[in-house]
Amino acid sequence: MSTIIMDHSGAETPSIAYKVFTFKDKKTNTQDSLSVSIPEVLDPHYGMYVWPCAVVLAQYLWKHREELRDKTVLELGAGVSLPGVVASRCGAKVFLSDGAETPLCLENCRRSCEANGLREVGVSSLTWGEVSPELLLLPQLDVVLGSDVFYEPQDFEDVLLTVAVLLRRNPRAQFWTTYQERSADWSIEALLHRWDLKCVDVGLDSFDADEAELAGSSLPGNHSVLMMVISARTEDTSCDT
């Protein structure tokens, strides 16, 4: 299980648990490892927890850490920011974002940075579906991250509109995303066509994420988590495996 450190900050502030995730190379002879501390707000009203998709995406980043070094990375809907924190610790220049209507999530992004000594990580409000000044002022990006951003079907188009704008402004960039399969009826294929995007499914076994417990945690458990890489479409395809 992950190490949990409790922080009770007073009657008006919800309790926070700092959960430690440790990533290691299990199938190689290297001794490389990375530990990060992620604050979770325990009050159920906030819902700021590490979700299964975030651990799987963070595992992908850990396995591709050499590729991330010196890259510029944006995490959408960051919340507790596990993937973004891991990317930063792997040498990427990282920007964390969450919706302008969720200031507590933005506060938690900053708290995650503080817990890991990340002083250079930018935090900004980006609301899905809006081409805001904050979005237009972002620097050139190499990778966009999103864990479990395809949660509510009514948000799918707003998410992909934001991704499409970012990829048009950064044609060589990719969107790395993990999502939980909650319904076989949910699909983004038509939206990918609409926004001239394509995706490639990434098998979890290709980055050692096909296990119930990752990074010393109990996640993703028995949840069905999938991963795909989305990029600007240059040919007549939407999703490949």
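What comes next concerns the included structure.

What counts as what
- Residues numbered from 1 in each chain as written.
- Predicted model: local features only at pLDDT ≥ 70, side-chain atom pairs only at ≥ 80, totals over all residues.
- Heavy atoms only, no water.
- Helix = DSSP H or I, 4+ residues; strand = E, 2+ residues; numbered from the N terminus.
- Expected span 1.5 Å × (residues − 1).
- Buried < 20%, exposed > 50% of the residue type's maximum accessible area, 1.4 Å probe, protein only.
- Contact = heavy atoms within 4.5 Å.
- Phe/Tyr/Trp six-rings, centres within 6.5 Å; stacked < 30°, edge-to-face > 60°.
- Pairing = 2+ DSSP bridges.
- Salt bridge = Lys/Arg side-chain N within 4 Å of Asp/Glu carboxyl O.
- Core = buried A, V, L, I, M, F, W, Y, C linked by side-chain atoms within 4.5 Å.

### Examining helix α4 (residues 103-115)
Right, so step 1: Taking 1.5 Å as the rise per residue, α4 with 13 residues should run 18 Å; its terminal C-alpha atoms sit 18 Å apart, in good agreement.
Right, so step 2: Those residues of α4 not exposed but buried are Cys-105, Leu-106, Asn-108, Cys-109, Arg-111, Ser-112 and Cys-113.
Right, so step 3: Looking at the buried residues of α4, the elements they touch are β2 (16-24), β3 (33-41), α3 (82-89), β5 (93-98) and β6 (122-125).

### Remarks on unusual backbone geometry
Right, so step 1: Residue Pro-220 follows Leu-219 across a cis peptide bond; omega there is 5 degrees.
Right, so step 2: For Pro-220, the location among the structural elements is in the loop between β9 (197-202) and β10 (225-232).
Right, so step 3: Residue Asp-70 is not a glycine yet carries a positive backbone phi of 70 degrees.
Right, so step 4: Note on placement: Asp-70 falls in the loop between α2 (65-68) and β4 (72-76).
Right, so step 5: Among the residues examined, Asp-70 registers a relative accessible area of 67% and is labelled exposed.

### Here's the deal with the packing of aromatic side chains
Right, so step 1: Enumeration according to the criterion identifies five aromatic pairs in this entry.
Right, so step 2: Look at Phe-156 and Trp-186: their rings are 6.0 Å apart centre to centre, the planes differ by 80 degrees, and that puts the pair in the edge-to-face class. Of this pair, Phe-156 sits in helix α6 (residues 156-169) while Trp-186 is found in the loop between β8 (174-180) and α7 (189-194), placing the two residues 30 residues apart along the sequence.
Right, so step 3: A residue is classified by how much of its surface remains accessible, and Trp-186, at 35% relative accessible area, is partly exposed.

### Some details on the pairing of β10
Right, so step 1: Of all eight residues in β10, six are buried, a share of seventy percent or more.
Right, so step 2: Where β8 lies against β10, six bridges are found, and the strand directions are antiparallel. Each residue of the ladder has a partner; that of Gln-180, found in β10, is Val-225.
Right, so step 3: In this sheet, β10 lies alongside β9 in antiparallel orientation, the contact comprising six bridges. Counterpart to Leu-197 in the pairing with β10 is Ala-232.

### Observations concerning the pattern of salt bridges
Right, so step 1: Under the criterion given, the structure shown has ten salt bridges.
Right, so step 2: The salt bridge involving Glu-40 is made with Lys-19; its shortest N-O contact spans 3.4 Å. Of the two residues, Glu-40 is situated in strand β3 and Lys-19 in strand β2; the sequence distance between them amounts to 21 residues.
Right, so step 3: On the basis of relative accessible area, Glu-40 is assigned to the buried category, the value being 5%.
Right, so step 4: For Arg-182, the salt bridge identified is with Asp-148, shortest N-O distance 2.9 Å. Of the two residues, Arg-182 sits in the loop between β8 and α7 while Asp-148 sits in the loop between β7 (143-147) and α6, which places them 34 residues apart along the sequence.
Right, so step 5: Look at Arg-182 and you get partly exposed, because its relative accessible area is 30%.
Right, so step 6: Residue Asp-148 is classed as buried on the basis of its relative accessible area of 11%.
Right, so step 7: Because the salt bridges share partners, they merge into one network encompassing Asp-25, Asp-32, Lys-63, Arg-65 and Asp-208.

### Focus on the nonpolar core
Right, so step 1: By size, the foremost hydrophobic cluster in this structure holds 47 residues, and its most contacted members are Phe-21, Val-36, Val-50, Leu-82, Val-86, Trp-176 and Met-227.
Right, so step 2: With residues up to four places along the chain from it excluded, the contact list for Val-86 reads Phe-23, Leu-34, Val-36, Ala-58, Leu-61 and Trp-62.
Right, so step 3: Judged by nonpolar contacts, the second largest core, of 30 residues, contains Phe-95, Leu-161, Leu-166 and Ala-173.

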